[in-house]
Amino acid sequence: MTIKNTAVTVNISEAFDWRTFVKKHKPGQDSELQRQRLSMYQRVLPELEKWSTVSGLNIEEWSTICGYELSKGRVKSCAYYGICAVESAVESIDYDLALLLAKLCLWLYAMDIRLDDSPSISCLDARSIEIISPFKEQLIQQGILNLTSDLSAVPNKEEDNSIDRTIAQVLSEIYLSLKQVCNTRLSSSDQEFCLSKFVNELATVIKSMHWERKHSLVFQQADHLSPAQDLQITLEEYLDLARITTCYRVVASFVLAFETAPSAIWVQWEEAMRYGGRIVRLANDMATVLREMEEGKINAVSIVLRDLGFNPFATYSLDSPEIREALRLLKEQREVELIRFNQQLKALPLSGPFAHNVIVSMAFGVAMYEKGDFEPELPPSQIKKR
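The sections below set out a description of the structure shown in this document.

Looking now at the overall build of the protein. Along the protein, the regular secondary structure elements total 18 helices and zero strands. Per-residue burial for the protein yields a buried fraction of 56% across its 386 residues. Within the protein, counting contacts between residues at least 6 apart in sequence, those at least 24 apart form 78% of the total.

Structure follows, in structure tokens:
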């Protein structure tokens, strides 16, 4: 057993109270802020639904692992995230920013699903390259994306890549929207920083998702009688890699354009984002454990099962003693990360669009995954209407 319960050694601060934060900022009827967010959700959702169709992000039509209901739920959760992730200023919420964040969130989800759908490594390579193609030359010149080592440049013969071209085109349009925001708000040097940071974080996400899917494909073909040999990654290594694929940092980099000193605030919040991303990853893995294990994916639960001496390839239910013990340990790990996150907040400025976004992404991420794979919490009347 290699996982350690470090909760007892991290006791100088309380864990961040994400439940209270969510209760205050979620759409609802209990306060003026909640009513504003609910009203904004009712505006953003139909626009996001329309945009997803017009832009070609009809995920249920081209994904083998995402059915209609799951896809429809993701559109709702992206609209919900968009309106919650925008700071309320002077009794108002920026509709344009909320819609833009909702679009980015849905695009990231579509991109993630597309890469996760890859049936082979050559297909995964081709999809990754096509999706990042709007910035390929820029990234190669900067030494961030070296196609000879990071991703295979061998053309894929397995499928038509029209879906990936569509995803790339939508990315170009989102980037153009960000560029327009930068042009109206920032100096030339700050514009360059924000745009470069977004592209670099995006490339890091795609490379990390590529790594995850590649190793899951290898994992599926491994010798299931030797689980310890097939799962060499430690939980700590996994969390520091998989926190990137929550898209926590790339969304935060998008919000930098709305700050007055983007480079300084990014540096200030780097460590807090590290813990925030790890918290969201743990919440994600615990919420989707059975589905991901059925799909043959490596996640935090399968790693802890291995550390406990159980076979991560076996079939389990949520009532299985092995799964319950793994989830218990991961919840303890999440509490440790919440304490560390809270410690970081004590030394940071907590006002402004960036601070709000970083806290929202963590708090609402945990809340929505605890609802059961990213379902937003709305008043009962709204659930019935939509």
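Once the structure has been displayed, the description carries forward.
For the rest of this paragraph, the subject is the pattern of salt bridges. Inspection of the entire model under this criterion finds 19 salt bridges. The shortest N-O distance in the salt bridge between Glu337 and Arg278 comes to 2.8 Å. With Glu337 in helix H16 (residues 321-345) and Arg278 in helix H13 (residues 262-287), the pair connects residues that are 59 residues apart, well separated along the chain. For the pair Glu337 and Arg278, a shared accessibility class is recorded, and that class is buried.

At their nearest, the axes of helix H5 (residues 95-116) and helix H6 (residues 121-131) sit 10 Å apart, and the two run at 155° to each other. By the angle between their axes, H5 is roughly antiparallel relative to H6. On H6, the residues touching Trp107, Met111, Arg114 and Leu115 of H5 are Leu124, Arg127, Ser128 and Ile131. In the contact of H5 with H6, the residues fall into five nonpolar, one polar and two charged.

The next subject is the environment of Ser39. Among the structural elements, Ser39 can be located in helix H2 (residues 32-54). Residue classification places Ser39 among the partly exposed positions, given a relative accessible area of 37%. Here the alpha-carbon distance between Ser39 and Pro27, two residues 12 residues apart in the chain, equals 8.0 Å.

We note that Cys247 has phi near 70°; this positive angle belongs to a residue other than glycine. Take Cys247: it is sitting in the loop between helix H11 (235-242) and helix H12 (248-255). Judged by its relative accessible area of 7%, Cys247 falls in the buried class.

The next point concerns the environment of Thr246. Within the secondary structure, Thr246 sits in the loop between H11 and H12. For the pair Thr246 and Ser361, spaced 115 residues apart in sequence, the C-alpha to C-alpha distance is 9.7 Å. For Thr246, the side chain forms a polar contact with the main-chain oxygen of Arg243, separated by 2.6 Å.

Here we take up H5. Owing to its 3.6 residues per turn, the α-helix brings residues three or four apart onto one side. Taking 1.5 Å as the rise per residue, H5 with 22 residues should run 32 Å; its terminal C-alpha atoms sit 31 Å apart, in good agreement. Within H5, 19 of the 22 residues are buried, which leaves it mostly tucked inside the rest of the structure.

On to the packing of aromatic side chains, then. Under the defined criterion, the tally for this structure stands at eight aromatic pairs. Taking 5.6 Å as the distance between ring centres and 80° as the angle between the ring planes, the aromatic pair formed by Phe16 and Phe341 counts as edge-to-face. Residue Phe16 is located in the segment before helix H1 (18-25), and its partner Phe341 is located in helix H16; the two are separated by 325 residues in the primary sequence. By relative accessible area, Phe341 is classed as buried at 0%. Judged by centre distance (5.9 Å) and plane angle (65°), the rings of Trp266 and Phe354 are edge-to-face. One end of the pair, Trp266, is in helix H13; the other, Phe354, is in helix H17 (residues 353-370), and 88 residues separate them in sequence. Here Trp266 matches Phe354 in class, with each residue buried. Linked through ring pairs, Phe16, Phe21 and Phe341 together constitute an aromatic cluster.

We now examine the side chain of Gln191. Take Gln191: it is sitting in helix H9 (residues 188-220). Contact partners of Gln191, with chain neighbours within four places excluded, come to Cys182, Asn183 and Leu186.

The next thing to look at is the nonpolar core. Among the nonpolar cores identified, the biggest contains 101 residues, and Phe16, Trp107, Met111, Trp269, Phe341 and Met362 are the most heavily contacted of them. In terms of residue count, the dominant contributor to this core is H5 (17 residues). The contacts of Met111, once residues within four sequence positions are left out, are Ile131, Ile167, Val205, Ile206 and Met209. Counting residues in hydrophobic clusters, the runner-up holds 23 residues, among them Leu282, Val301, Val304 and Leu305.

Reading guide: rules and limits
Residues numbered from 1 in each chain as written. Predicted model: local features only at pLDDT ≥ 70, side-chain atom pairs only at ≥ 80, totals over all residues. Heavy atoms only, no water. Helix = DSSP H or I, 4+ residues; strand = E, 2+ residues; numbered from the N terminus. Buried < 20%, exposed > 50% of the residue type's maximum accessible area, 1.4 Å probe, protein only. Contact = heavy atoms within 4.5 Å. Salt bridge = Lys/Arg side-chain N within 4 Å of Asp/Glu carboxyl O. Axes fitted to C-alpha atoms, helices over the stretch in contact; angles between N-to-C directions. Parallel < 35°, antiparallel > 145°, perpendicular 65-115°, else oblique. Nonpolar A, V, L, I, M, F, W, Y, C, P; charged D, E, K, R; others polar. Polar contact = N/O pair within 3.5 Å; in protein donor to acceptor, adjacent residues only side chain to side chain. Expected span 1.5 Å × (residues − 1). Phe/Tyr/Trp six-rings, centres within 6.5 Å; stacked < 30°, edge-to-face > 60°. Core = buried A, V, L, I, M, F, W, Y, C linked by side-chain atoms within 4.5 Å.

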